[in-house]
Amino acid sequence: MRLKNTFYVIGGGGAFLVFAVPLLWALFRSVQPNDVIVAAPDGKTFFDLTWDNFRTLIEGPGNLVRAVGNSLVVAISTAVLTALLATLAGYGFARFRFRSGPVLFALVVVSMMIPFQAILTPLYLEMNVLRLTDSLLGLVLFYTTVNLPFGVFVMRNSFASVPVELEDSAHVDGCGTLRMLGSVLRPLITPGAATVALYAFLAAWTEFLGALTFLTKDELYTLPVALVNVQAGAYGEINFGSLVAGSVIAMIPCVVLYVGLQRFYVSGLASGAVKG
Amino acid sequence: MSTAVRGARRRDSGSRRAASAGRRVGQGSLTHPSRTGLLLVSPAVLFVGVFVLVPLVFALVISLTNWPLIGTVKFSGLKNYTAIVSDAAFAKSVLYTLLYTVIVTGPILVLGYALAVLVRRKRRGSTVLRTVFFLPFVVGLSTLSFVTVLEAQPDSGLINIVLRDLGITDGTTAWLVDGPLATGLICVLVVWAVSGLTMMLLMAGMQAIPREYYESAELDGAGWWKQEREITIPILRRTIAMAVIISVIGSLLAFSQFYILTRGGPGTDTTTVVQYIYNRAFVQLQLGAATALSIVLVIVVGLVTAAQFRLLREKD
């Protein structure tokens, strides 16, 4: 027992450092001026901390503020739309019997197994025809689709665990389908919907390949794609200070949402939220 | 089989399903009319249809043509597929992706398992540890890759400074312009970033194993490793396979960390399959060829999933 505790303290402490230090280090780097970051460490200047990197991001030519705004708009819209559509579909699949039900549900499940990375080319051509490339709306629709199968799955299970009797008595009181969803069922399925929204937000916020493919205009770039421009020195010389400050901004919502809503995140993992 | 019999069957299975759901909610249900059901699911089904199934079918069509961005589309039969066989650059990207997958899968599982063992029981600090171990995964590989870019710089990056101070290198290594070095760096980054996911998946399984199993094993004098080998691993075989499948699929589809850190270079030395297809489609604009490669990728990822599930079932 003693030995096990020693192992826990040493192993846990060591692993804590391995996982926490690089993230804290990035935070520290973001308040170092660019010329210190690119130089060999020198004790005299190493701790000259400044907000310059963040100021450059806001005032500089890269217009990262706009990219953050784009990312926020896309991620929030994706979260709301995914949760809404998944809730409606989850209710339909869990409670209603209709002829095409099983086939349609199978369709949604099968689409879970098709990685979007593998259908990117035809998807790009189709979105082009629909005028959804170079459009934040297009990106939202795409991200919503990527997150929907898992969302429908979670919401179907949420509704299935609510007793049918509850709906019957509300129906006797003259409650229609939408009011049923909005008032009687809402408190019971909120945890499921929160899980779906959380995953959709984080997936949209961190997604890279799709945004890189579907967006070509600077002013529409989401944060990860805008950071590629910073990294490539598209705005003059490469500014590592801006790059690390932008990365820190990209991390903040992930850390805050995960730490704050861990309960929902973990329950999503159990339902197969992550595909790789 | 006659339609009447089939119809009766369907009704039968329908009512059985409804009965198992608690009570009858069949087609004639007043509270749950079937048309409302169809209406409720149709937006989601429409999305999946338009953005997953249409592209998939479209892919089959495109892959049989030359499909230029400008100009007339020419049917080319199976030419795009037969060309894959002699496409040395594609073969290189496939081999590279497989190599990468082979390198990272083991360490991700071992590290993820070790972390899960560390935090599976409720102890002082275990919740904090769990959160911290999982944070890199939540932050995501693309953001972590951007940070790695500056820490991999010669003379100034943290990686080089630490290695120099440990006396291992002289601190001038240019990690990102050398194939093997960049591969090594990316593998370390990925193992660090995603083993938290394996930890979470395994931990959930471990917590479901009754404690008595371990207590009686301890009475029999079984040590820690013996308990893991004879209790945890056999019980968790499915969960472990699941975690491995998820990590293998992620590796086969790897893109952002390579794109950000090396752009697939130097030359095409670190070009993964997804990046190769991306280049063919969006840099060289050979959409027909790229789509044929995509279909190969869909099939390969599908087969890996199926093969691993099969392996899992056979062992039972």
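From a predicted model like this one, the values you see are computed outputs, not experimental measurements.

Conventions we followed
Residues numbered from 1 in each chain as written. Chains lettered and ligands numbered in written order. Predicted model: local features only at pLDDT ≥ 70, side-chain atom pairs only at ≥ 80, totals over all residues. Helix = DSSP H or I, 4+ residues; strand = E, 2+ residues; numbered from the N terminus. Buried ≥ 20, exposed ≤ 12 C-beta atoms within 10 Å, placed from the backbone. Contact = placed C-beta atoms within 7 Å. Axes fitted to C-alpha atoms, helices over the stretch in contact; angles between N-to-C directions. Parallel < 35°, antiparallel > 145°, perpendicular 65-115°, else oblique. Left-handed = near helix turned anticlockwise from the far one by under 90°. Nonpolar A, V, L, I, M, F, W, Y, C, P; charged D, E, K, R; others polar. pLDDT = per-residue confidence, 0-100. Expected span 1.5 Å × (residues − 1). Bend = angle between axes of the 7 residues up to and from the residue.

Colleague: Could you give an account of the overall build of chain A, naming the residues involved and the relevant values?
Modeller: Helices and strands together make up the secondary structure of chain A, namely 13 helices and zero strands. Put simply, chain A runs from its N terminus to its C terminus through helices and strands in the order α-α-α-α-α-α-α-α-α-α-α-α-α. Projected onto its principal axes, the C-alpha positions of chain A cover 75 × 65 × 35 Å. Expressed as a percentage of its 276 residues, the buried residues of chain A come to 49%. Within chain A, counting contacts between residues at least 6 apart in sequence, those at least 24 apart form 79% of the total.

Colleague: Outline the overall build of chain B, supporting the account with residue identities and numerical values.
Modeller: In terms of regular secondary structure, chain B is built from 14 helices and zero strands. Residues classed as buried in chain B amount to 38% of the 316 residues present.

Colleague: Got a sec to walk through the environment of Ile103 of chain B? Specific residues and values, please.
Modeller: Along the chain, Ile103 of chain B turns up in helix α4 (residues 88-119). Placed 35 residues apart in sequence, Ile103 of chain B and Val138 of chain B show a C-alpha to C-alpha distance of 22 Å.

Colleague: Please provide a residue-by-residue account of the packing of helix α4 (residues 64-95) of chain A against helix α2 (residues 34-62) of chain B, values included.
Modeller: For the pair α4 of chain A and α2 of chain B, the least separation of the axes is 7 Å and the interaxial angle reads 130°. The angle between α4 of chain A and α2 of chain B places the two elements in the oblique class. Between α4 of chain A and α2 of chain B lies a crossing of left-handed hand. Judged by residue contacts, Leu85, Ala86, Leu88, Ala89, Tyr91, Gly92 and Phe93 of chain A of α4 of chain A engage Gly37, Leu40, Val41, Pro43, Ala44 and Phe47 of chain B from α2 of chain B. Of the residues contributing to the contact of α4 of chain A with α2 of chain B, the split by class is 11 nonpolar, two polar and no charged.

Colleague: Mind laying out the confidence of the model for chain B, listing which residues take part and the relevant values?
Modeller: All names here are of chain B. For chain B, mean pLDDT is 85; residues scoring 70 or higher make up 88% of the total. Contacts of residues 1-27 to residues separated by more than four positions or lying in other chains number 20 contacts, the stretch itself having pLDDT below 50. Across the interface, the model reports ipTM at 0.91; the global pTM reads 0.88.

Colleague: Kindly report on the environment of Ala83 of chain A, identifying the contributing residues and their values.
Modeller: All names here are of chain A. Position of Ala83 relative to the elements: it lies in helix α4. C-alpha of Ala83 to C-alpha of Gly151: the two residues are 68 residues apart in sequence and 7.0 Å apart in space. Here Ala83 is in contact with Gly151, Ala193, Val196, Ala197 and Ala200, once residues within four sequence places are set aside.

Colleague: Help me get a handle on helix α5 (residues 126-139) of chain B, residues and values and all.
Modeller: All names here are of chain B. Taking 1.5 Å per residue, 14 residues should reach 20 Å; α5 reaches 20 Å between its end C-alpha atoms and fits that length. Where α5 bends most, the angle comes to about 30°, and this point is Phe133, followed within four residues by the proline Pro136. All buried positions along α5 are accounted for by Leu129, Arg130, Val132, Phe133, Phe134, Pro136, Phe137, Val138 and Val139. Two residues or fewer after α5 comes Gly140, characterised by a positive phi angle close to 100°.

Colleague: Kindly report on helix α9 (residues 211-219) of chain B, identifying the contributing residues and their values.
Modeller: Along α9 of chain B, only zero of the nine residues are buried, which leaves the element largely exposed. Within two residues after α9 of chain B, Gly221 of chain B carries a phi angle of roughly 85°, on the positive side.

Colleague: Mind laying out unusual backbone geometry, listing which residues take part and the relevant values?
Modeller: Here the amide bond leading from Gly265 of chain B into Pro266 of chain B is cis, since omega sits at 0°, within 30 degrees of zero. Topologically, Pro266 of chain B is positioned in the loop between α12 (256-262) and α13 (273-283). Even without glycine at this site, Asp134 of chain A takes up a positive phi of about 50°. You can see Asp134 of chain A is positioned in the loop between α6 (120-129) and α7 (136-160).

Colleague: Could you give me a rundown of the environment of Val73 of chain B, with the residues and numbers involved?
Modeller: Residues and elements named next belong to chain B. With respect to the helices and strands, the residue Val73 is situated in the loop between α2 and α3 (79-85). Given 13 C-beta atoms within a 10 Å radius, Val73 is considered partly exposed. Between the C-alpha atom of Val73 and that of Ile62, which follows or precedes it by 11 residues, the distance is 9.2 Å. The contact partners of Val73, leaving out residues within four places of it in the chain, are Thr65, Asn66 and Trp67.

Colleague: Explain the packing of α5 of chain B against helix α8 (residues 179-207) of chain B to me, using residue names and the numbers behind them.
Modeller: Residue and element names in this part refer to chain B. Direction vectors running N to C along α5 and α8 enclose 120°, while the axes themselves pass 7 Å from each other. Classified by the angle between their axes, α5 and α8 sit oblique to one another. Between α5 and α8 the crossing geometry is left-handed. Side by side, α5 and α8 meet where Phe133, Phe134, Pro136 and Phe137 of the first sit next to Trp192, Ala193, Val194, Gly196, Leu197, Met199 and Met200 of the second. Within the contact of α5 with α8, the residues separate by chemical class into 10 nonpolar, one polar and no charged.

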